[in-house]
Amino acid sequence: MYPIERVEALNAEVTRMTVRAPEIARKIRPGQFVMLRIDERGERIPLTMNDCDPEAGTVTIVFQAVGATTMRLARMRAGDALLDFAGPLGNPTELAGARRACVIGGGLGTAIAYPQAKWLHEHGCEVDVITGFRTKDLIILEDEINACSARQVIMTDDGSNGNKGVVTAPLQQRIDEGADYDLVLAVGPVIMMKFVAATTKPFGIKTLVSMNPLMIDGTGMCGGCRVKVGDEYLHACVDGPDFDGHLVDFDDAMRRGVMYRSFEGAAREAAAGRVASEGRDCGGSAAAGAVGAGADERKGA
Ligand code: NAD
Ligand code: FES
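Residues numbered from 1 in each chain as written. Chains lettered and ligands numbered in written order. Predicted model: local features only at pLDDT ≥ 70, side-chain atom pairs only at ≥ 80, totals over all residues.

## Digging into the overall build of the protein
- The helix and strand inventory of the protein stands at 8 helices and 15 strands.
- The 301 residues of the protein split such that 49% are buried.
- Put simply, of all contacts in the protein between residues at least 6 apart along the chain, 67% involve residues at least 24 apart. (Helix = DSSP H or I, 4+ residues; strand = E, 2+ residues; numbered from the N terminus. Buried ≥ 20, exposed ≤ 12 C-beta atoms within 10 Å, placed from the backbone. Contact = placed C-beta atoms within 7 Å.)

The following block contains the structure:
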């Protein structure tokens, strides 16, 4: 069993959870993920590392309570334990050698972008971080990112933080000002990563994107996580999750995402029913409020 040491809400939708897993904490690197299972009746879900502390033996994950399992996970508390916490899986992001980087996080993707920015900062790279959220109440990890970046720009779709627009606007502005990035790294909605890659392509800036297709086994066996990269289909779980953003077929990824939506919707409704009845049994139903939030349960932060 893997004891949960800390649980905290980062905003109304997003939870940060620290799990005791010393073996994984020693090995895991930015970009890699774990497969967790709450108990015998639970499904396995992939969640990307948000932070780790090898000395304390802990791994931190961040998730949004929108799918069957994350809704149950959001109801767990410090002192509870997870049945499985397997990893590290996937490949670490190739960050070595970057001198001037721009790390971009969209919504929940910011939680995965954070360890990349932290690693780059700790290894002597000058890091700009651009993040985007629907509204200011959803902004996460502002202080943590400030501590590991030369500049942080936070955009909101509705302008509620005084910076209206999407993440590609400040990226384009920084490039036009001569920022001279040798690496751009984007983690967030597929549509965001598509436009980040389109922004950097004319300038030939190396651009990595973190793909989050549906994952079932996380071992390259089921084929669920295929991503079209150039002329070939690669598996996000064993070949990725990071790929060259100038080669990824984002439109294909979005088409494949839509294919699974009805299946995921059914799973969410089933989970909502279960959470609602569990809520009646124990006097709470906090996670049921997340039903219909609209996001998928994919490889999340
Ligand atoms: P969101 O839909 O609120 O988008 C976050 C930000 O992305 C926006 O504020 C905007 O700045 C930017 N964005 C969106 N569309 C854009 C466009 N067309 N051009 C430029 N920028 C654009 O995000 P959310 O509701 O927090 O949902 C999180 C999303 O991140 C989900 O789609 C989830 O699947 C994805 N995600 C991806 C990963 C990954 O590994 N890639 C990990 C976790 C979450
Ligand atoms: Fe099954 Fe990648 S999750 S092949």
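## Notes on the sheet that holds strand β7 (residues 84-89)
- Spatial strand order, β6-β1-β2-β5-β4-β3-β7: 7 strands in an open sheet with antiparallel pairing. Each edge of the open sheet is held by one strand with a lone partner, namely β6 (81-82) and β7.
- Running over the sheet, helix α3 (residues 110-122) touches β4 (45-53) and β5 (58-64) and is turned about 40° from β4. (Pairing = 2+ DSSP bridges. Axes fitted to C-alpha atoms, helices over the stretch in contact; angles between N-to-C directions.)

## Quick look at the sheet that holds strand β8 (residues 100-106)
- Within the open sheet, the 6 strands sit side by side as β10-β9-β8-β11-β12-β15. Their pairing is mixed. With one partner strand each, in any of the chains shown, β10 (151-156) and β15 (242-244) form the two edges of the open sheet. In this sheet, adjacent strand axes meet at a mean angle of 20° when their direction is disregarded.
- When strand β11 (residues 183-187) meets strand β12 (residues 207-210), the two strands line up parallel, connected through 3 bridges. Bridge pairing in β12 places Ala 186 opposite Val 209.

## Digging into the pairing of β4
- With 8 of 9 residues buried, β4 is to be regarded as a mostly interior element.
- Here strand β3 (residues 33-37) runs beside β4; their pairing, made up of 4 bridges, is antiparallel. Considered in β4, the bridge of Met 35 is made with Pro 46.
- Strand direction decides the pairing type here: β4 and β5, joined by 4 bridges, are antiparallel. In the strand pairing of β5, Cys 52 is matched with Val 59.
- What sits between β4 and β5 in their antiparallel hairpin is a turn of 4 residues, with Gly 57 showing a positive phi close to 75°.

## Quick look at the environment of Asp 80
- Among the secondary structure elements, Asp 80 is positioned in the loop between α2 (68-73) and β6.
- Classification of Asp 80 by C-beta neighbours within 10 Å gives partly exposed; the count is 15.
- Sequence-wise, Asp 80 and Met 1 are 79 residues apart; in three dimensions their C-alpha atoms are separated by 9.5 Å.

## Here's the deal with unusual backbone geometry
- Cis geometry marks the peptide bond from Gly 87 to Pro 88, where omega comes out at 0°.
- Relative to the helices and strands, Pro 88 is located in strand β7.
- Cis geometry is adopted by the peptide bond preceding Pro 241, which originates at Gly 240 and carries an omega value of 10°.
- Positionally, Pro 241 belongs in the loop between β14 (232-235) and β15.
- Its identity as a non-glycine residue notwithstanding, Leu 141 has a phi of 60°, on the positive side.
- The class for Leu 141 is buried, based on 24 C-beta atoms found within 10 Å.
- One non-glycine residue, Asp 180, lies in the positive phi region at around 60°.
- Within the secondary structure, Asp 180 sits in the loop between α5 (168-176) and β11.
- Looking at Asp 180, the number of C-beta atoms within 10 Å reads 12, which means it is exposed.

## A few points about the nonpolar core
- Formed by 85 residues in total, the largest nonpolar core has its most connected members in Val 34, Val 59, Ala 101 and Ile 104.
- When residues of this core are assigned to their parent elements, the largest contribution, 7 residues, is made by α3.
- Leave out the neighbours within four places in its chain, and Val 59 touches Val 19, Ala 21, Ile 24, Ala 25, Ile 28, Val 34, Met 49 and Cys 52. (Core = buried A, V, L, I, M, F, W, Y, C linked by C-beta atoms within 7 Å.)

Take it as geometry only, folks, not as evidence of what the structure does.
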